[in-house]
Amino acid sequence: MSLPPLVDPAEELSVDEIRRYSRHLIIPDVGVDGQKRLKNAKVLCVGAGGLGSPALMYLAAAGVGTLGIIDFDTVDESNLQRQVIHGQSDIGRAKAESAANSVREINPNVRVVIHNTVLDRENVLEIFSGYDLIVDGTDNFATRYMVNDAAVLLGKPYVWGSIYRFDGQASVFWAEYGPCYRCLYPEPPPPGMVPSCAEGGVLGVLCASIGAIQVTEAIKLIAGIGEPLVGGLQVYDALEMTYRKIRVRKDPNCVLCGPNATQKELLADYEDFCGAVSAEAEQAVVDSTITALELKDWQESGKDFLLVDVREPAEYEIVRIPGSVLIPKGEILSGAALSRLPQDKQIVLHCKSGVRSAEALAALKQAGFSDAVHVQGGVLSWVKQIDPSLPSY
């Protein structure tokens, strides 16, 4: 369905702006009026990473008058494969600052507002209230639900995107006209069920494909043109080069935007709602956790144990802790690997950061490996504390 323009037009375009945006101005559906609306728009991009990079660059190029950037992270070398708004010289810099510099270089007419902070329940409503539209480039479920809830409570639309390996999704959530994110995903997936991009990887250029869809939808909403993705989920398969549009209906039982909504404010703890690890894993790690330094001491003292890496084979090829053997978490959870594990020596599990190994530890405990432990912080801690010469990812 077509929607009214989200933003009133600015009073005028300067001569320089007319020259800059001439290719927009000659499109009948955009024209001078649409460009004035873009100039008057205030858009916040949550995240300056994989999706935020193309989104910010094309929002700036399109002439969005005010661009907000919220990101608390710093640029890492592993980001550069897909986060094209940053460059080699930006490694170690705050992503929000780096992205702001790129935006200003693309279009000096854009006013950039930097929020170099963690987005949380204490600041999200205040930050969102200063913008017309939110573009969500986050990569974790806790923040996605918080972004959705804040947008619904404030009555603001937001453009959502998600990427993983070769697959991407995008939609527009606006409770006033259609469903919200909770209508599509009422509950987060079980902990460990859906790997993050850091665990499973992502084709760098996929970010551009989904980010471009997000910017296109933002422009349509601001200018009031075309048929926005409200009530639609665009699914992209890069390997098959297919796009599929799935209809998403407003859930009459939605706790947030349904007619009998019971959630009237932000949740107290979104991390707890999404469950970083399962309750079983939380229980399993109690008194069964060692540090990277302790692992090193165990190795040097000749302690008899089996060090098991529960990551995926591709991760194991990148970097591994010396002496480890690879048994992916899925094989442990399914029980397929249990017969290969020795009963006469202690099992020590690790993954990249400690989440997957905690889930695998819970499965081993239930299978009778009562003295099994896992390494807090996993490979990341080993690289940081023991051997910085090893590559990180």
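About the criteria used
Within each chain, residues carry numbers counting from 1 in the order of the written sequence. Per-residue local features of the predicted model are confined to residues with pLDDT of at least 70, and side-chain atom pairs are confined, for both listing and counting, to 80 or more; whole-chain, interface and lining totals are unaffected and use all residues. Side-chain descriptors were evaluated using all non-hydrogen atoms of the structure, hydrogens and water having been removed beforehand. Under the scheme used here, helices are H or I runs from DSSP no shorter than 4 residues and strands are E runs no shorter than 2 residues, and both carry numbers assigned from the N terminus. Buried residues are those whose accessible area, probed at 1.4 Å on protein chains only, stays under 20% of the maximum for their type, while exposed residues exceed 50% and partly exposed ones sit between those limits. Should any heavy atoms of two residues lie within 4.5 Å, those residues are considered in contact. Any pair of N or O atoms that falls within 3.5 Å is considered a polar contact. Within protein, one atom must be able to donate a hydrogen and the other to accept it, and sequence-neighbouring residues count only if both atoms are side-chain atoms. Whenever a carboxyl oxygen of Asp or Glu lies within 4 Å of a side-chain nitrogen of Lys or Arg, that contact is scored as a salt bridge. Patch construction takes residues with relative accessible area above 30% that form no salt bridge. Like charges are linked within 9 Å, and nonpolar side chains (Val, Leu, Ile, Met, Phe, Trp, Tyr) are linked within 5 Å. Note on areas: Shrake-Rupley with a 1.4 Å probe; residue coverage comes only from the protein chains shown. Two strands pair if DSSP finds at least two bridges between them. Note on method: axes are straight lines fitted to C-alpha atoms, helices fitted across the in-contact stretch only, with angles between N-to-C directions ranging 0 to 180 degrees. Stacked, tilted and edge-to-face are the three classes assigned to paired rings of Phe, Tyr and Trp, where Trp is represented by its six-membered ring and a pair needs centres within 6.5 Å; plane angles under 30 degrees give stacked, over 60 edge-to-face, the rest tilted. Over a ring means this: the NZ of a Lys or the CZ of an Arg is within 6 Å of the ring centre and within 35 degrees of the ring normal. In these notes, a set of buried Ala, Val, Leu, Ile, Met, Phe, Trp, Tyr and Cys residues joined through side-chain atoms within 4.5 Å is what counts as a nonpolar core. Positive charges are assigned to Lys and Arg, negative charges to Asp and Glu, while His and the chain termini are left out of the count. Where a charge lies is defined by one atom per residue type, namely NZ (Lys), CZ (Arg), CG (Asp) and CD (Glu).

## Topic: the environment of threonine 138
Step number 1: Within the secondary structure, threonine 138 sits in the loop between β4 (133-136) and α7 (141-154).
Step number 2: Assessed through its relative accessible area of 10%, threonine 138 is described here as buried.
Step number 3: As a C-alpha pair, threonine 138 and asparagine 101 span 37 residues in sequence and 21 Å in three-dimensional space.
Step number 4: In this structure threonine 138 touches Val46, Thr143, Arg144 and Gly161, once residues within four positions along its chain are discounted.
Step number 5: In terms of polar contacts, threonine 138 uses its side chain to reach the side chain of aspartate 136, at 2.7 Å.

## Here's the deal with the pattern of salt bridges
Step number 1: Scanning the model with the defined rule gives 14 salt bridges in all.
Step number 2: In this structure, glutamate 217 and lysine 220 form a salt bridge, with 2.8 Å as the shortest nitrogen-oxygen distance. Of the two residues, glutamate 217 and lysine 220 are both situated in helix α10 (residues 204-223); the distance of three residues between them amounts to about one turn of the helix. As far as the burial class goes, glutamate 217 and lysine 220 line up, both buried.

## Here we look at a nonpolar patch on the surface
Step number 1: A contiguous nonpolar surface patch, about 360 Å² in accessible area, is contributed by Phe166, Leu203, Val205 and Leu239.
Step number 2: Mapped onto the elements of the fold, valine 205 is located in helix α10.
Step number 3: The class of valine 205 is exposed, set by a relative accessible area of 55%.

## Quick look at the sheet that holds strand β9 (residues 289-290)
Step number 1: Here five strands make up an open sheet; going across it, the order is β9-β13-β12-β10-β11 and the pairing parallel. The open sheet has two edge strands with one neighbour each: β9 and β11 (325-326).
Step number 2: The strands touched by helix α16 (residues 355-366) within the sheet are β12 (346-350) and β13 (373-375), with β12 carrying the most contacts at an inclination of about 150°.

## Considerations on the environment of leucine 341
Step number 1: Mapping leucine 341 onto the fold places it in the loop between α15 (329-334) and β12.
Step number 2: Each C-alpha atom, one on leucine 341 and one on threonine 117, is 44 Å from the other, the two residues being 224 residues apart in sequence.
Step number 3: Apart from residues lying up to four places away in sequence, leucine 341 is in contact with Leu306, Val308, Ile327, Ile347, Leu364 and Phe369.

## A look at the packing of aromatic side chains
Step number 1: According to the stated counting rule, one finds eleven aromatic pairs in the structure shown.
Step number 2: Judged by centre distance (5.8 Å) and plane angle (85°), the ring pair of phenylalanine 173 and tyrosine 181 falls under edge-to-face. Judged on exposure class, the residue phenylalanine 173 and its partner tyrosine 181 are both buried.
Step number 3: With a centroid separation of 5.3 Å and an interplanar angle of 55°, the aromatic rings of tyrosine 181 and tyrosine 185 are classed as tilted.
Step number 4: According to the relative accessible area criterion, tyrosine 181 is buried, its value standing at 1%.
Step number 5: Overall, the relative accessible area of 28% leaves tyrosine 185 in the partly exposed class.
Step number 6: Between the NZ or CZ atom of arginine 144 and the centre of the ring of phenylalanine 141, over which it lies, the distance is 5.2 Å.
Step number 7: Directly above the aromatic system of tryptophan 298 lies the positively charged group of lysine 303, at a separation of 4.6 Å from the ring centroid.

## Quick look at the pairing of strand β7 (residues 232-237)
Two faces belong to every sheet, and in a regular strand the side chains alternate between them.
Step number 1: Extensive coverage of β7 is indicated by the burial of five of its six residues.
Step number 2: Where strand β6 (residues 167-173) meets β7, five bridges bridge the pair, whose relative direction is antiparallel. The residue bridging serine 171 from the neighbouring strand is leucine 233, located in β7.
Step number 3: Sheet analysis places β7 next to strand β8 (residues 242-247), joined by six bridges and oriented antiparallel. Residue pairing in the sheet places leucine 233 in a bridge with isoleucine 246 of β8.
Step number 4: Where β7 hands over to β8, the hairpin turn is made up of four residues, of which methionine 241 adopts a positive phi near 55°.

## Focus: helix α17 (residues 378-385)
Step number 1: Those residues of α17 not exposed but buried are Gly378, Val379, Ser381, Trp382 and Val383.
Step number 2: Against the buried residues of α17 lie α13 (292-301), β12 and β13.

## With respect to the nonpolar core
Step number 1: One finds Leu56, Leu67, Ile69 and Val103 to be the most contacted residues of the largest nonpolar core, which totals 44 residues.
Step number 2: Broken down by secondary-structure element, the contributors of at least two residues to this core are β1 (42-46), α4 (52-62), β2 (66-70), α5 (95-106), β4, β5 (158-164), β6 and α10.
Step number 3: Apart from the residues within four sequence positions on either side, valine 103 is in contact with Leu56, Ala60, Leu67, Ile69, Ile85, Val110 and Val112.
Step number 4: Membership of the second largest hydrophobic core comes to 26 residues, among which are Val113, Tyr145, Met146 and Val248.

## Overview of a negative patch on the surface
Step number 1: Taken together, Asp269, Glu271, Asp272 and Glu282 make up a surface patch of like negative charges.
Step number 2: Position of aspartate 272 relative to the elements: it lies in helix α11 (residues 270-274).
Step number 3: By relative accessible area, which is 61% here, aspartate 272 ends up exposed.

## Let's talk about the sheet that holds β1
Step number 1: Spatially, eight strands are ordered β3-β2-β1-β4-β5-β6-β7-β8 in an open sheet, and the strand pairing comes out mixed. Edge positions in the sheet fall to β3 (111-115) and β8, since each has one partner strand and no second. Averaged over all pairs of adjacent strands, the angle between strand axes in this sheet comes to 15°, irrespective of strand direction.
Step number 2: Where β1 lies against β4, four bridges are found, and the strand directions are parallel. Looking at the pairing, valine 46 lines up with aspartate 136 of β4.
Step number 3: Along the sheet, α5 contacts β2 and β3; its crossing angle with β3, the most-contacted strand, is approximately 175°.
Step number 4: On top of the sheet, α10 reaches β1, β4, β5, β6, β7 and β8; it is set at about 170° to β5, its chief contact.

Read these as spatial facts, not as claims about activity.
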